[in-house]
Amino acid sequence: MASCVSSCSPVVRFCQKLNRLKTLEEDVMATSLKRCLSTVDLALLGVGGMVGSGLYVLTGTVAKDTAGPAVVVSFLIAGVASLMAALCYAEFGARVPKTGSAYMFTYVSVGEIWAFLIGWNVILEYMIGGAAVARAWSGYLDSIFNHRIQNFTESHVMRWDVPFIAHYPDLLAAAILLVASFFISFGVRVSSWLNHIFSAISMAVIVFILVFGFVLADPANWSAREGGFAPFGVSGIMAGTATCFYAFVGFDVIAASSEEASNPQKAVPAATAISLGMAATAYVLVSTVLTLMVPWHTLDPNSALSDAFFRRGYSWAGFIVAVGSICAMNTVLLSNLFSLPRIVYAMAEDGLFFSVFSRVNPVTKVPVIAILVFGSLMAILALIFDLEALVQFLSIGTLLAYTFVAASIIVLRFQPDKSSGSSGGGGIKTDASSTPSLNQSGQQVDPSAAVNETQTFAQDGGEMKEYESFSDKLQLVERQKAVKERRAPGLLKACWEPYLGRILGDCEPGEVVAFSVLALMVSGVSLCAVLVFGNNQLNLPVWSFTLLLVIFSLVFLLSLALIWVHEQQPNHKTFQVPLVPFVPGFSILLNVFLMLKLSPLTWIRFTIWVAAGLLVYFGYGIWHSKEGLREQQGQDVAACYVVLPSGSLVETVQNVQPEGHTLSTHTPTHDNPPASR
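Throughout, residues of each chain are indexed from 1 in the direction in which the sequence is written. Selection of residues for local features in this predicted model requires a pLDDT of at least 70, selection of side-chain atom pairs for listing and counting requires 80 or more, and totals for whole chains, interfaces and linings are taken over all residues. Side-chain metrics in this entry use all non-hydrogen atoms of the structure; hydrogen atoms and water are not considered.

Undergrad: What should I look at first to understand the overall build of the chain in this one?
TA: Counting from the N terminus, the helices are the DSSP runs of H or I reaching at least four residues and the strands are the DSSP runs of E reaching at least two. Per the secondary structure count, the chain includes 25 helices and five strands. Burial classes: relative accessible area under 20% of the type maximum marks a residue as buried, over 50% as exposed, and values in between as partly exposed (1.4 Å probe, protein chains only). For the chain, with 677 residues in total, the buried portion stands at 49%. Shrake-Rupley sampling with a 1.4 Å probe provides the accessible areas, and residues are treated as covered by the protein chains on show and by no other component. Summing over all exposed atoms, the chain offers an accessible surface of approximately 31,200 Å²; the carbon and sulfur share of this is 65%.

Now the structure itself:
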């Protein structure tokens, strides 16, 4: 048995290395970046990340092909679904105000390799998202000039006839990305002001669309003569919801910018709520106006809004809409270029990515090298790939990040409390003077209460004190009861102890929650797989399809219930997601469902990208990880000095070995022999 344990110990240590957590410094507000963003700045960054080409393209596409006028309901449901993911980001962004967004949140609560893979996929998401928006920006501008730019490029520059890439190099899209990267490298304040300008123009155009559009609205376009409000039924509304969900991708730029926020504990949750509310309102109202102006089945999917005004005889209004759409795309472009280098910077700062990208310019206080390098890579993608190929690969990284952030919220909320009240509840260091301790049964004991109890029982002479009155006895019993009911996070709640104590009472704090989160993820993936593939690809009989749905649904709900019956960490001064674990749990279910709806080709590309990421991690990141270096420093030689009774000094040096190894001690020779310790 001992030989088996010793042979497995390298594997155990290797797994522990892969799953080590990031240790945050006590002052989480300390940063080499510049903290200057207000709530308004963050909210406008979030709006810019969400309200872009989707408002001018997606509304018309979903209305015509998927949901009809009921696209309004699709956007509303998608907004509520996005809110669940946004709340998880808001709690983490306020509690851990460090740049890195989903990467940082996963590193703090789940483990290193998972954090690296999330960061690696978020990098791809931002690169492809920026390239896709630049390509859409170029195509929209080209359509205004009757495709003269495309015709000139194909005739005088180059034309390709190669599968999987564009027919011609989009020089305009690449140029706009390079120019935007150049401006963003001047600092966060310049980026913020550029975003303010484009957001202001975009919002002014949206107000114009709403006011003038409602003037031209005709309720007959929602009548039964035109197909009714929901011509595709409930299935069309839900299919539209899956597409509209991607319109709200972009709010994570707020969490990615939390290290540059002046007061992240308040600004990040407020900005997330404001930006998501504004984006949802804009999408719902604009889709209402669009389907009331012209019949939904006559919409032009490529330029629905401007075409609707053209068809109503207001060509000048269509030009204003085109200007607004370009400004809106600029805000999305800036959002992607703003977030991407900060994810790279966070990974490089932790040693998991090449250290050159962690350098911050001393003047502009931004990672200039990361901005210019990844802005150039984004420009290359926009140059050679067409919009359709880029968009197909955009969603999977985002949904994977949302899933891990939701799981991280559950893990962090129910793990043993490591945070002190410093820095607005964001610190991770413990304070022995103020942190409650655990008694033998795992219950949380307040040190002050323990002191009072000791004073009650002890006299000056050390003997038991006689109770002076019945009221003294009553107060002591009440105090002991209050101490007993305060249990540590991750342990079974006191009210459930009589029912589940025999089964779960002996588990370590957070152990049951960790296994339940794993069961939650597995059952969620299985349930969604049955829903997506059960009838079509797998051709399951009705009885087995129903049985599998019931089994996986019960396991999913049972996992949520097991998590819920455990104690959470006490309330912090920062924002917290309500109804944990139910809100993150259903967010995980929704994200997994949408991921499984993606095409097989997307999954193949995703697998190749993950394989490339694993090569980077095992070739560089695992060897340069700062957490790994911190662990090695903990195993270095430590020296202490022991004063013997005779007054001589003995130096005792001892190596800190991994658990299970013998400690070696070296004692130098001095005047007197070493005393036993």
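Undergrad: Any chance you could explain a nonpolar patch on the surface here in plain terms?
TA: Patches here are clusters of residues that have more than 30% relative accessible area and form no salt bridge, with a 9 Å joining cutoff for like charges and a 5 Å cutoff for nonpolar side chains (Val, Leu, Ile, Met, Phe, Trp, Tyr). Only one rule defines a salt bridge in this text: a Lys or Arg side-chain nitrogen within 4 Å of an Asp or Glu carboxyl oxygen. A contiguous nonpolar patch, built from I144, F145, I149, I197, I201, F319 and V323 and spanning about 570 Å² of accessible area, is present on the exposed surface. Every element with two or more residues in the nonpolar patch is listed here: α9 (188–215) and α14 (315–349). Mapping I197 onto the fold places it in helix α9.

Undergrad: Would you take a moment to explain helix α15 (residues 368–384) for this structure?
TA: In an α-helix, one turn spans 3.6 residues, which is why side chains three or four residues apart end up on the same side. With 17 residues, α15 should cover 24 Å at 1.5 Å per step; its first-to-last C-alpha distance of 25 Å lies within 8% of that length. Within α15, burial applies to V368, A370, I371, F374, G375, M378, A379, L381 and A382. Buried residues in α15, looked at end-on, bunch into an arc of 160°, giving them a common side. Take the number of residues in a helix, subtract one, and multiply by 1.5 Å to get its expected span. The directions considered for the arc run from the helix axis to the C-beta atoms.

Undergrad: I'm lost on the packing of aromatic side chains in this one. Help?
TA: We describe a pair of aromatic rings using the distance from one ring centre to the other and the angle between the two ring planes. Aromatic rings from Phe, Tyr and Trp, with only the six-membered ring used for Trp, were paired whenever their centres fell within 6.5 Å, and each pair was classed as stacked if the ring planes differed by under 30 degrees, edge-to-face if by over 60, and tilted otherwise. Per the stated rule, a full pass over the model turns up 36 aromatic pairs. Geometrically, the ring pair formed by F232 and W296 is edge-to-face, given 5.6 Å between the ring centres and 70° between the ring planes. Placement of the pair is F232 in the loop between α9 and α10 (233–244) and W296 in the loop between α12 (264–293) and α13 (304–311), with a sequence separation of 64 residues. For F232, a relative accessible area of 33% translates into the label partly exposed. Arranged with centres 5.6 Å apart and planes meeting at 20°, the rings of F353 and F357 form a pair that is stacked. F357 carries the same exposure label as F353, and that label is buried. Joined through ring pairs, the aromatic side chains of F14, F116, W120, F353, F354, F357, F374, W609, Y617, F618 and Y620 make up one cluster. Either the NZ atom of lysine or the CZ atom of arginine qualifies as a charge over a ring when it sits within 6 Å of the ring centre and within 35 degrees of the ring normal. Cation over ring: R342 sits above F338, and NZ or CZ is 3.8 Å from the ring centre. Over the face of the ring belonging to W564 we find K493, whose NZ or CZ atom lies 4.7 Å from the ring centre.

Undergrad: Would you mind showing me how to read the side chain of H196 here?
TA: Along the chain, H196 falls in helix α9. Judged by relative accessible area, H196 falls into the buried class, the value being 14%. Residue contacts are defined here by distance: any two heavy atoms, one from each residue, within 4.5 Å place the two residues in contact. If sequence neighbours within four positions are ignored, H196 has contacts with D41 and L44.

Undergrad: What is the right way to read the nonpolar core from this model?
TA: Nonpolar side chains in soluble globular proteins tend to be buried together. Ranked by internal contacts, the top residues of the largest apolar core, which has 152 residues, are Y56, Y89, F248 and F353. Among the elements that take part in this core, helix α6 (residues 112–144) stands out by supplying 20 residues, more than any other. If we ignore the near neighbours within four places in the chain, the residues touching Y56 are S202, V205, I206, I209, N302, S303, A304, L305, V321, G324, S325 and A328. Remark: nonpolar core denotes a set of buried residues (Ala, Val, Leu, Ile, Met, Phe, Trp, Tyr, Cys) joined through side-chain atoms within 4.5 Å. By size, the runner-up hydrophobic cluster in this structure holds 13 residues, among which are A43, L45, V188 and V268.

Undergrad: I tried to follow the pattern of salt bridges on my own but got confused; where do I start?
TA: Following the criterion strictly, the structure yields twelve salt bridges and no others. A salt bridge links R159 to E154, with the nearest nitrogen and oxygen atoms 3.0 Å apart. Using a relative accessible area of 43% as the deciding quantity, one classes R159 as partly exposed. For E154, a relative accessible area of 23% translates into the label partly exposed. Sharing partners across several salt bridges, the network here consists of E91, R95 and R413.

Undergrad: Just checking my understanding: could you explain helix α5 (residues 102–109) for this structure?
TA: Within α5, eight of the eight residues are buried, leaving the element largely enclosed by the surrounding structure. Phi turns positive one or two residues past the end of α5, at G111, with a value near 160°.

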